[in-house]
Amino acid sequence: MRHSKYQIEQYHLHKRQPGKLQFELYDLNAYRKKSGDLAAVPHSHSYYQIIWFINEGGTHVVDFKKYDIKKNTVLFITKDQVHAFDDNEDVQGWLIHFNESFFKHTDVDMFLKFNIFHMLDKPCYTIEKGVLNVASAYITLIQSELEQRDRFGYEDIIRFLLKSFLIQLERIHQKNDSAPIQLNSLYKRQFFEFKELIEVHFKKGLSVGDYASLLHISSKTLSTLTNTVIGKSPSQVISERTVLEAKRLVRFTSLQINEIAFRLGFEDASYFVKYFKRHLGQSPKSYRQSQLA
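Residues numbered from 1 in each chain as written. Predicted model: local features only at pLDDT ≥ 70, side-chain atom pairs only at ≥ 80, totals over all residues. Heavy atoms only, no water.

Caption draft 1: The arrangement of the layout of surface pockets in detail. By volume, the second largest pocket amounts to about 340 Å³. Lining the second largest pocket are 17 residues; nearest its centre among them are Y11, Y31, S35, Y47 and H97. Counting only elements with at least two residues in the lining of the second largest pocket, the list comes to α1 (28–35) and β8 (83–85). Examining the composition of the lining of the second largest pocket, we find that three residues originate from one element, α1, more than from any other. The residue makeup of the lining of the second largest pocket, split by class, is eight nonpolar, eight polar and one charged. (1 Å grid on protein atoms, 1.4 Å probe; cavity = no way out; pocket = protein on both sides within 12 Å on 5 of 7 lines; lining within 4 Å. Points joined across faces, edges and corners; volume = space filled by probe spheres on them. Helix = DSSP H or I, 4+ residues; strand = E, 2+ residues; numbered from the N terminus. Nonpolar A, V, L, I, M, F, W, Y, C, P; charged D, E, K, R; others polar.)

Caption draft 2: Region of the structure containing helix α10 (residues 269–280). Taking 1.5 Å as the rise per residue, α10 with 12 residues should run 16 Å; its terminal C-alpha atoms sit 16 Å apart, in good agreement. Inspection of α10 places F272, Y275 and F276 among the buried residues, and these make up the whole buried set. The arc that holds every buried residue of α10, seen down its axis, measures 95°, which confines them to one face. Of the residues in α10, the exposed ones pointing more than 90 degrees away from the buried face are K274 and R278. Packed against the buried residues of α10 are α8 (234–252), α9 (257–263) and α11 (284–292). Where α10 ends, the next residue or the one after it, G281, has phi of about 80°, a positive value. (Expected span 1.5 Å × (residues − 1). Buried < 20%, exposed > 50% of the residue type's maximum accessible area, 1.4 Å probe, protein only. Arc of directions from axis to C-beta. Contact = heavy atoms within 4.5 Å.)

Caption draft 3: Focus on the packing of aromatic side chains. According to the stated counting rule, one finds 17 aromatic pairs in the structure shown. Sitting over the ring of F103, K163 keeps its end group 5.6 Å from the ring centre. The side chain of R241 reaches across the aromatic face of F202, ending 4.2 Å from its centre. (Phe/Tyr/Trp six-rings, centres within 6.5 Å; stacked < 30°, edge-to-face > 60°. Lys NZ or Arg CZ within 6 Å of the ring centre and 35° of its normal.)

Caption draft 4: Fine view of the pattern of salt bridges. Applying the stated criterion across every chain, the model contains 10 salt bridges. Across the salt bridge formed by E155 and R159, the nearest N and O atoms sit 3.1 Å from each other. One end of the pair, E155, and the other, R159, are both in helix α4 (residues 154–175), four residues apart, so they sit about a helical turn from each other. Residue class for R159 comes out buried when judged on its relative accessible area of 3%. In this structure, the salt-bridge partner of R241 is E245, at a minimum N-O distance of 3.0 Å. (Salt bridge = Lys/Arg side-chain N within 4 Å of Asp/Glu carboxyl O.)

Caption draft 5: How the structure looks around the domain arrangement of the protein chain. Along its sequence, the protein chain is organised into domain 1 (10–176) and domain 2 (186–289). Computed from C-alpha atoms alone, the centre-to-centre distance between domain 1 and domain 2 is 26 Å. With 15 residues of domain 1 at the interface, the matching set in domain 2 holds 13 residues. Buried area between domain 1 and domain 2, both sides added, is near 1200 Å², and the carbon and sulfur share of it is 69%. Viewed at the interface, domain 2 and domain 1 are joined by one salt bridge. (Domains from an automatic or database assignment. Buried area = accessible area lost by both parts, 1.4 Å probe.)

Following this line, the structure appears as structure tokens:
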């Protein structure tokens, strides 16, 4: 799979037009044909992406895993996640793009962001028959709002429709999950805030105590809340995000290992190699070779 020498190519949505609606809905077939070969090269976005494949067939790569596309598969691609289409441009479906600013950061927004868009082990759902008509209706209503952007409150209507669409899909996930995360406690809301802070600061090498201070709680409380919500320590959660980014840079770029270490905030490249090996059981060099084989 092709990759850039120096960086993972990242695309943006209305970066130079902050006053523009930070949301777009595309016909997947038209978009895929327009994007051509570029979409088949591993890349990332600074925005959130929802890909709804209507027909079965083909594959899609998300980070380090290839997914077979089944009928009515929906993929949730979070910010900075690396993904790539296959070479088939004759796909049918819908593509939704929206920036961080499009959500208003209520408790529900934080839940949708960190539960749906950060399920890195399984970033896809299959829309069940009972939900299919409802999901399609939301797309139709969003199209209607986009066609008449001079109407009062159209941006809020689209925002509410998008949230409703995501909540419908999350219901599928929760039905199949023996212990779904709910926003019914202070710990769980603080956990999402912790995850938000990690996204902002993980390259700076902050300690658990630093994150606790940013959350205005003690390190002990932070440890209690992460163990309560997901059964992991704060340091594990931080390390997982750092290791994920390290894997992306090792796999999808040709950067030297010391350059990757520097980008991730490691002052000593040899320590980064030990850190990587401790978490993945192999050195960055051997991991790169195994991924490219």
